[in-house]
Amino acid sequence: MRLYAAASNNHIGIAAMNAEPATNRLVTFAYPDTRDQLLGHRSPGTRIMLDSGAFSAHHSGNVITPDALAREAQWPKYDEVVALDDMTDPAKSYANAKHLQETRPDCIATFHMGEDFTWLIKYRTEFTKIGLGGIVGKHHNQKAQWLAKVFAMAWPARFHIFGCHSPDLLMRFPAESADATSWASILAHGFYNSRGASFGEVYRNAKIHLRGTLQDLRELQNDLTARWRETLDPVSPKGYHDHGDGKTLSNYMHPPHPILRRASRVRSRKQMRASPRP
């Protein structure tokens with residue numbers, strides 16, 4: 001299984017991702033500046049997924065056209081590309097996916113929680129990989145019940161789960177890949193706005209913490225790969241669950257620096273102010 005860290009638009013999050021080049025990353029068409037900053041910093045075998053940015057556009061009012069996405073998707077720097085979906089209109093999502101399929105035959109079409117399951121069967125028949133979306137913000141049990149129904153109806157198939165890094169769910173359902181922004185949740189919640197700390201201290205502590213969460217994410221990826229390799233290898237393209245040079249994921253796992261391991265645990269403000277510099 002491949003886990004993608006969905007790109008953060010925060011400059012500290014970008015710096016942390018670029019300091020961990022072995023992390024698979026999901027970049028968003030809706031944010032070209034962030035996308036360009038992240039594309040050049042990756043290790044051999046690290047994968048890049050281009051997301052349409054439909055979720056961001058839905059909440060910000062930005063307009064993304066299928067033609068513009070199709071032009072960007074032609075570049076070989078993207079290992080996987082998600083078609084532009086409409087969270088309120090499955091027929092429009094399907095039409096956009098078929099449009100992108102003309103230039104990117106391996107594109108990912110997205111099926112959302114709440115849509116009629118006839119769309120899932122249609123996607124399984126006509127596309128090589130299906131994105132599963134619309135679960136962000138839902139209760140854990142709702143997600144589990146819906147995913148159980150999806151896998152019962154459409155497995156075996158190649159699935160990508162959007163907005164999910166839950167070990168419990170990913171250990172239960174053999175998705176080929178998944179992504180989430182949860183690794184950078186401290187930035188959204190303002191965890192590092194510590195009174196009395198200088199900007200430099202805030203920046204260093206946040207970056208250390210985020211690098212720790214990205215390393216934890218790769219450790220989870222290792223566990224999930226071991227859990228599902230025999231199940232997913234017959235479904236996935238050859239070598240999908242290995243790095244590009246033929247080595248397995250475990251060959252790239254190194255014991256993290258003690259500072260990073262300590263920083264991957266939530267710490268008090270007093271501890272953060274006293275942290276050693278990396």
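Only a predicted model underlies this, so the values are computations on that prediction, with no experimental measurement involved. (Residues numbered from 1 in each chain as written. Predicted model: local features only at pLDDT ≥ 70, side-chain atom pairs only at ≥ 80, totals over all residues. Heavy atoms only, no water.)

Asker: I keep staring at the overall build of the chain and nothing clicks. Help me out?
Answerer: On a plain count of helices and strands, the chain comes out with 12 helices and 8 strands. Sorting the 278 residues of the chain into buried and exposed places 52% on the buried side. Across the chain, contacts joining residues at least 24 apart in sequence account for 64% of those joining residues at least 6 apart. For the chain, the computed accessible surface area is about 13000 Å², with 52% contributed by carbon and sulfur atoms. (Helix = DSSP H or I, 4+ residues; strand = E, 2+ residues; numbered from the N terminus. Buried < 20%, exposed > 50% of the residue type's maximum accessible area, 1.4 Å probe, protein only. Contact = heavy atoms within 4.5 Å. Areas by Shrake-Rupley, 256 points an atom, 1.4 Å probe, with all protein chains shown as cover.)

Asker: Explain the sheet that holds strand S2 (residues 25–28) to me, please; I cannot follow it from the model alone.
Answerer: Whenever strands of a sheet pair, they do so through backbone hydrogen bonds, lying parallel or antiparallel. With parallel pairing, 8 strands are arranged side by side in an open sheet as S4-S3-S2-S1-S8-S7-S6-S5. Whereas interior strands pair on both sides, the edge strands pair on one side only; in this sheet they are strand S4 (80–81) and strand S5 (108–112). Looking at chain direction, strand S7 (residues 159–161) and strand S8 (residues 177–180) are connected through 2 bridges and run parallel. When the sheet's bridge partners are listed, His 160 is paired in S8 with Ser 177. (Pairing = 2+ DSSP bridges.)

Asker: I tried to follow helix H2 (residues 32–39) on my own but got confused; where do I start?
Answerer: Residues spaced three or four apart along an α-helix point in a common direction, a consequence of the helix completing one turn every 3.6 residues. Taken together, the buried positions of H2 are occupied by Thr 34, Arg 35, Leu 38 and Leu 39. The buried residues of H2 occupy an angular sector of 130 degrees when the element is viewed end-on, so they sit on one face. Residues of H2 that are buried make contact with helix H1 (11–19), S2, strand S3 (48–51) and helix H4 (66–73). (Arc of directions from axis to C-beta.)

Asker: Explain the packing of aromatic side chains here, please?
Answerer: To describe a pair of aromatic rings, you give the distance between the ring centres and the angle between the ring planes. Inspection of the entire model under this criterion finds 9 aromatic pairs. Grouped by ring-pair contacts, the aromatic residues Tyr 94, Trp 119, Tyr 123 and Phe 127 constitute a single cluster. Above the plane of the ring of Phe 127 lies Lys 98, whose end atom (NZ or CZ) is 5.4 Å from the centre. (Phe/Tyr/Trp six-rings, centres within 6.5 Å; stacked < 30°, edge-to-face > 60°. Lys NZ or Arg CZ within 6 Å of the ring centre and 35° of its normal.)

Asker: I'm lost on the pairing of S3 in this one. Help?
Answerer: Both faces of the sheet carry side chains from a regular strand, because those side chains alternate between them. Residues of S3 alternate between two faces, with Ile 48 and Leu 50 on one and Met 49 and Asp 51 on the opposite face, all of them buried. In the sheet, S2 pairs with S3 via 4 bridges, with the strands oriented parallel. Bridge assignment links Thr 28 to a residue of S3, and that residue is Asp 51. Each parallel crossover has a hand, and for S2 linked through H2 to S3 it is right-handed. As defined by bridge partners, S3 adjoins S4 across 2 bridges and the pair is classed as parallel. Across the sheet, Met 49 pairs through a bridge with Glu 80, a residue of S4. (Right-handed = clockwise from strand over helix to strand, strands pointing away.)

Asker: Looking at this structure, how should I read the pairing of strand S1 (residues 2–6)?
Answerer: Burial of S1 is extensive: 5 of the 5 residues sit out of reach of the surface. Inspection of the sheet shows S1 paired to S8 by 4 bridges, in the parallel sense. Counterpart to Tyr 4 in the pairing with S8 is Asp 179. Following the chain from S1 across H1 to the adjacent parallel S2, one finds a crossover that is right-handed.

Asker: In this structure, what is going on with the nonpolar core? I would like to understand it.
Answerer: Where a protein is soluble and globular, its nonpolar side chains tend to be buried together. The biggest cluster of nonpolar side chains holds 65 residues, and the ones touching the most others in it are Phe 111, Leu 132, Val 150, Phe 159 and Ile 161. With sequence-adjacent residues up to four places away left out, Phe 111 is seen in contact with Asp 116, Phe 117, Trp 119, Leu 120, Tyr 123, Ile 130, Gly 131, Leu 132, Gly 133, Trp 146 and Val 150. Of all hydrophobic cores here, the second largest spans 8 residues; its members include Tyr 4, Leu 26, Met 49 and Phe 162. (Core = buried A, V, L, I, M, F, W, Y, C linked by side-chain atoms within 4.5 Å.)

Asker: Looking at this structure, I do not really get the pattern of salt bridges. What am I missing?
Answerer: Side chains that carry opposite charge are capable of pairing whenever their charged atoms lie near each other. Applying the stated rule across the entire model yields 12 salt bridges. Notably, a salt bridge pairs Glu 72 with Arg 35, separated by 3.7 Å at the nearest N-O pair. Remark: Arg 35 occurs in helix H2 and Glu 72 occurs in helix H4; sequence separation between them is 37 residues. Ionic pairing is found between Lys 77 and Glu 72, a salt bridge with its closest N-O pair at 3.8 Å. Given a relative accessible area of 31%, Lys 77 falls into the partly exposed group. For Glu 72, a relative accessible area of 13% translates into the label buried. By sharing partners, the salt bridges in this structure join Arg 47, Glu 80, Lys 129, Arg 158 and Glu 176 into a single network. (Salt bridge = Lys/Arg side-chain N within 4 Å of Asp/Glu carboxyl O.)

Asker: Quick question: what am I supposed to make of helix H7 (residues 140–154) here?
Answerer: Compared with an ideal rise of 1.5 Å per residue, which puts 15 residues at 21 Å, H7 spans 21 Å between its outermost C-alpha atoms and is within 8% of the ideal. On its buried face, H7 is in contact with S5, helix H6 (117–126), strand S6 (129–133), S7 and helix H8 (167–172). (Expected span 1.5 Å × (residues − 1).)

Asker: Hey, could you run me through the side chain of Lys 129 in this one?
Answerer: Following the sequence through the fold, Lys 129 ends up in strand S6. Look at Lys 129 and you get buried, because its relative accessible area is 1%. Separated by 2.7 Å, the side chains of Lys 129 and Glu 80 make a polar contact. Once you skip the residues sitting within four places of it in the chain, Lys 129 turns out to touch Glu 80, Cys 107, Ile 108, Ala 109, Arg 158, Phe 159, His 160, Glu 176, Ser 177 and Tyr 240. (Polar contact = N/O pair within 3.5 Å; in protein donor to acceptor, adjacent residues only side chain to side chain.)

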